[in-house]
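Remarks on the overall topology
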Protein chains: 2
Amino acid sequence: MSNTTTSWVPIPPGSHFSIANIPFGIISTEERPAPVPAVAIGEHALDLAQFATGNGFSGLDNISSHLNVFSEPTLNGFAALGRPVHREVRAYLQDVLRSDTQFGRILKDNEELRQKSLIPLNKVQNHVPMTIGDYTDFFAGVNHASTMGRILRGAANPLQPNYLHVPVAYHSRSSSIIISGSQFHRPSGQVLQDPTAEVKEPKFSPTNRLDIELELGVFLCRENKLGVPVPVNSAEEAIFGAVIVNDWSARDIQAWEYVPLGPFIAKNFATTISSWVVLADALEPFLTSSLQRDRQMLPYLQEKRVENVWDIQLRVDLKPSNGPITTLSRTSAKNVVWSFAQMLAHHSVGGCNMRVGDLLASGTISGTEHGTQGSLVEQNKGGKEVIQLNGGLERKFLEDGDSITITGWCGHDQNALVGFGDCSSLILPAVQGD
Amino acid sequence: MSNTTTSWVPIPPGSHFSIANIPFGIISTEERPAPVPAVAIGEHALDLAQFATGNGFSGLDNISSHLNVFSEPTLNGFAALGRPVHREVRAYLQDVLRSDTQFGRILKDNEELRQKSLIPLNKVQNHVPMTIGDYTDFFAGVNHASTMGRILRGAANPLQPNYLHVPVAYHSRSSSIIISGSQFHRPSGQVLQDPTAEVKEPKFSPTNRLDIELELGVFLCRENKLGVPVPVNSAEEAIFGAVIVNDWSARDIQAWEYVPLGPFIAKNFATTISSWVVLADALEPFLTSSLQRDRQMLPYLQEKRVENVWDIQLRVDLKPSNGPITTLSRTSAKNVVWSFAQMLAHHSVGGCNMRVGDLLASGTISGTEHGTQGSLVEQNKGGKEVIQLNGGLERKFLEDGDSITITGWCGHDQNALVGFGDCSSLILPAVQGD
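Residues numbered from 1 in each chain as written. Chains lettered and ligands numbered in written order. Predicted model: local features only at pLDDT ≥ 70, side-chain atom pairs only at ≥ 80, totals over all residues. Heavy atoms only, no water.

Keep this limit in mind: UniProt positions are given in the numbering used here, feature names are shortened, and annotations may be inferred rather than shown by experiment.
Per an unreviewed UniProt entry, the recorded name for chain A is Fumarylacetoacetase, and the organism is Knufia peltigerae. Quoted straight from UniProt, the Catalytic activity (unreviewed entry) entry for chain A says "4-fumarylacetoacetate + H2O = acetoacetate + fumarate + H(+)". A UniProt comment under Pathway (unreviewed entry) is attached to chain A, and it reads "Amino-acid degradation; L-phenylalanine degradation; acetoacetate and fumarate from L-phenylalanine: step 6/6."

Looking at the relation of the copies chain B and chain A
To go from the first copy of the chain to the second, apply a rotation about an axis and then a shift along the same axis. To be explicit about the condition: C-alpha atoms of residues with pLDDT of at least 70 in both copies form the basis for the least-squares superposition of the copies. Whether two residues are in contact is decided by their heavy atoms: any pair within 4.5 Å suffices.
Structural alignment of chain B on chain A gives an RMSD of 0.0 Å, achieved by rotating through 180° and translating 0.0 Å along the axis. Such a turn and shift between the copies fits a two-fold axis. No C-alpha of chain B approaches the rotation axis more nearly than that of B:G262, which lies at 2.3 Å. Interface residue correspondence from chain B to chain A reaches 100%, placing this contact among same-surface, isologous pairings.

A closer look at the pattern of salt bridges
Convention followed: Whenever a carboxyl oxygen of Asp or Glu lies within 4 Å of a side-chain nitrogen of Lys or Arg, that contact is scored as a salt bridge. Strands here are runs of E lasting at least two residues and helices are runs of H or I lasting at least four, both read from the DSSP assignment and numbered beginning at the N terminus. Only protein chains enter the accessibility calculation, which uses a 1.4 Å probe; a residue whose area is less than 20% of its type maximum is buried, one above 50% is exposed, and one in between is partly exposed.
Counted according to the given criterion, the structure contains 44 salt bridges over all chains. For A:R32, the salt bridge identified is with A:D47, shortest N-O distance 3.3 Å. With a gap of 15 residues between them, A:R32 in the loop between β1 (24-28) and β2 (36-41) and A:D47 in strand β3 (residues 44-47) connect regions that are remote in the sequence. Given the relative accessible area of 29%, A:R32 is considered partly exposed. B:R186 is the salt-bridge partner of B:D400, the closest N and O atoms lying 2.6 Å from each other. One end of the pair, B:D400, is in the loop between β24 (394-395) and β25 (403-410); the other, B:R186, is in the loop between β9 (183-185) and β10 (188-192), and 214 residues separate them in sequence.

Here's the deal with the sheet that holds strand β20 (residues 313-319) of chain B
Either a parallel or an antiparallel arrangement is found when strands of a sheet pair, and the pairing is made through backbone hydrogen bonds. Residues and elements named next belong to chain B. Convention followed: The pairing criterion for strands is at least two bridges between them, as found by DSSP. Note on definitions: angles span 0 to 180 degrees between N-to-C directions of axes, and those axes are lines fitted to C-alpha atoms, for helices only across the stretch in contact.
Strands sit in the order β9-β26-β25-β20-β21 across an open sheet of 5 strands; the sheet is mixed. The open sheet terminates on both sides in strands that have one partner only, identified here as β9 and β21 (326-332). Mean inter-strand twist for the sheet, computed between neighbouring axes without regard to direction, equals 20°. Relative to β21, β20 runs antiparallel, the two being bridged by 6 bridges. Bridged to R315 within β21 is R330.

Details of the UniProt feature "domain: Fumarylacetoacetase N-terminal" (unreviewed entry) in chain A
According to UniProt, the "domain: Fumarylacetoacetase N-terminal" (unreviewed entry) feature falls on residues 20-129 of chain A. Overall, residues 20-129 of chain A shows 30% helix and 19% strand. The separation of its end C-alpha atoms is 21 Å.

Points about the interface of chain B and chain A
As a reminder of what qualifies: Buried area is a sum: the accessible area each of two parts loses on coming together, probed at 1.4 Å, counted once for each and added. By the criterion applied in these results, polar contacts are pairs of N or O atoms within 3.5 Å in which, for protein atoms, one can donate a hydrogen and the other can accept it, and in which residues neighboring in sequence qualify only through two side-chain atoms. All residues other than Ala, Val, Leu, Ile, Met, Phe, Trp, Tyr, Cys, Pro, Asp, Glu, Lys and Arg, Gly among them, are scored as polar; the first ten of these are nonpolar and the last four charged.
Residue-level contacts link 61 residues of chain B with 61 residues of chain A. Together, the buried faces of chain B and chain A total about 5600 Å²; carbon and sulfur atoms form 61% of this surface. A per-residue breakdown of the area chain B buries against chain A is headed by B:H171, B:L261 and B:F264, which together make up 14% of the total. Applying the counting rule to chain B against chain A returns 4 salt bridges. Salt-bridge contacts for A:D134 lead to B:R173; the nearest nitrogen and oxygen are separated by 3.4 Å. Here chain B and chain A share 28 residue pairs in polar contact (both at pLDDT 80 or more) between them. Elements represented by at least two residues in the side of chain B that touches chain A include exactly β6 (135-138), β7 (169-171), β10, β11 (202-206), α6 (251-257) and α8 (340-347) of chain B. Of the residues assigned to the side of chain B that touches chain A, the class counts are 31 nonpolar, 21 polar and 9 charged.

Things to note about the packing of aromatic side chains
Residue and element names in this part refer to chain A. Short version of the rule: Put simply, two rings from Phe, Tyr or Trp (the six-membered ring, in Trp's case) pair if the centres are within 6.5 Å, and we call them stacked under 30 degrees between planes, edge-to-face over 60, tilted for the rest.
Counted by the stated rule, this structure contains 28 aromatic pairs over all chains. When the centroid spacing of 5.0 Å and the interplanar angle of 85° are considered together, the rings of F51 and F57 count as edge-to-face. The residues F51 and F57 share a single accessibility class, namely buried. Between F57 and F70, the aromatic rings sit 4.6 Å apart at their centres with planes inclined by 10°, giving stacked as the arrangement. Of this pair, F57 sits in the loop between α1 (48-53) and α2 (76-80) while F70 sits in the loop between α1 and α2, placing them 13 residues apart in sequence. Pair check on accessibility: F57 and F70 agree, each one buried. Taken together, the aromatic side chains of F24, F51, F57, F70, F78, Y92, F103 and F240 make up a single cluster linked through ring pairs.

Take a look at the structure:
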């Protein structure tokens, strides 16, 4: 599709939801509180339940026996139809929405259906778009892993011996995944009274080291049966689309609890995702090469394609309750050593079955320069330095009332951006005393 | 209820499913392939969908508006009704099934409903009984943790500094939980070519160190909202019932992958659970004290009750394809330092929301003596010694064709056991070559 394609729906320049995008989400409104599928276009959502009921899909034969998926409260049904169907539906909606549409009768010139189905985004409530069976968080951001290794273990061997061989990951918590715009309370838990003392004694406290983790996530659209691994070169067909993920982390709780089984309370209190799932098809023009490595990988991880990660521009903004916005970080989602296809091949290599709606996240994505790092603990060098904010404020870690907004987009033509909108949450004070 | 209570349904002595038990499960049969709730009694299942349809619950007023839960394909709906309802339904079913029942018209003397609803267990297929949102595996078996610490780090400090303070846990994989009787393939993955070499180089291989983990698990029946921790002294009301869990582990894959985020491929290929959920109410007479500790615990973990864990007798049997059964281990579920109430209080202390159907498992349960350990890696001292089996066979780790059956029961009166039946799986050869 040409970058110059325009829509008859007004789309302001710089919109993340150009006609080149067509991301899918789950919405409700005050008048129609039951969550239903939708796509975003410019400053509107197109309610697909209303669109389907109003014969909106009458121009696309292949979907007619599956219209029920557009009245479901999650995207699982639509996702399970598979990538060839996603491609057709997205292309059809682009055709319906383009200025020179041949389907004017469907929506452009159908005032009744337009009124019912095209809703300003500011009247829309977004919901977690998938029923997420399992959520797995990887550690593919090699710059983050290196910086953390230098902070924790010194400069000699920043990466663990397994790092460049194994797509390291841990199972994370799916229940506490929240949608952009949701607030959450600062978590409490066990932290060390004195981390330098020889005898380790914990106390109960709200975390004093609340941090972000800038990540990209993908939802899966294809299951594999238990015992049947997904080959790396067909793994792409299982990837429905992507969201931005903020894997909030309590560094002091994490430091005390994580040996030997990994992070638990430090990360299970909330994970924010952006509202709209950008389809893998929409991201395909932005494929590029992942970071290079000096180790050979085992055959089950070797992809035939060379361009296997998306060059998505990412930005992290902090808005304190009492001050202006500061941009903390700018980087790209290409700063990883494993593609999602490789992560999926590894995840299933021992036979683990994946389900439609499962979420795989990249792990923290960082560049190597100052101002490109996807967590505060990297920017403050393990809590040792202060981060200067605009308005004369400063931070080591996040304070109550802080809002973090992560955003991401592909492309440079301001009329053809493929973007994610916001992944945003406000931090409320801790509620638990004990 | 007296131990001498008998049922008009024939129950052989030693049955795990005495009238003192009444465990809940999900079954199907050849004639009725749609999974429905049931209870086990002796050598029969009572199909609760048929029972409800045939006015079986007409003697229990309080359930009449909730009968729909007995036609659902999982126990989530029934569990969500809460423990007071579980208590009433279990007591009512005991009344209906006892020899001197006052409800003879309901089932005992109602041949039509008996024929429809009372099904021999050997004609029944069991299914995973709950939709499991998240599965969390703890590490509460202190004897296992100590033995593993001695094997991995030497005798000086077998427990990590956090162990007696934090109910250590990791998020595990819910998709690969399978029901007793299911088979699975030996997993393949990355293992070290030579664990003693200075430069660590992995190879792709079927695991050579396939192991068991003897655990107890509980399903939850009450949700808490995000940001609202469950107080330890009301956590019991969120515990629906228990199953035996075998958390299969590939020790060679685990050793290479687990730093720094914990086990992943080594444990996500399969977890077997027993078929019938023994209600927390049925286990209440068998409460006892957990293992004592020499550390003060933080207030959020302190229970008012003293007896907080169940004294469930546990036994692990290995049946090789070419030899007789060997009992590998006998121990009790009381060999833990944290109760499930404490695990739940900890899990939610930072605000993590739990959902009905979530599974919490204890971690490996071991005694301290030879023949009481819940994993092979403890019995073979980290792979160094051979375990002698009956019939002149021996093992270090499990071989293809081996079956492991774990079972558990409470009580000594052979006519009033509260048991779990089998938690059993057969190991198939690896399928993946690469």
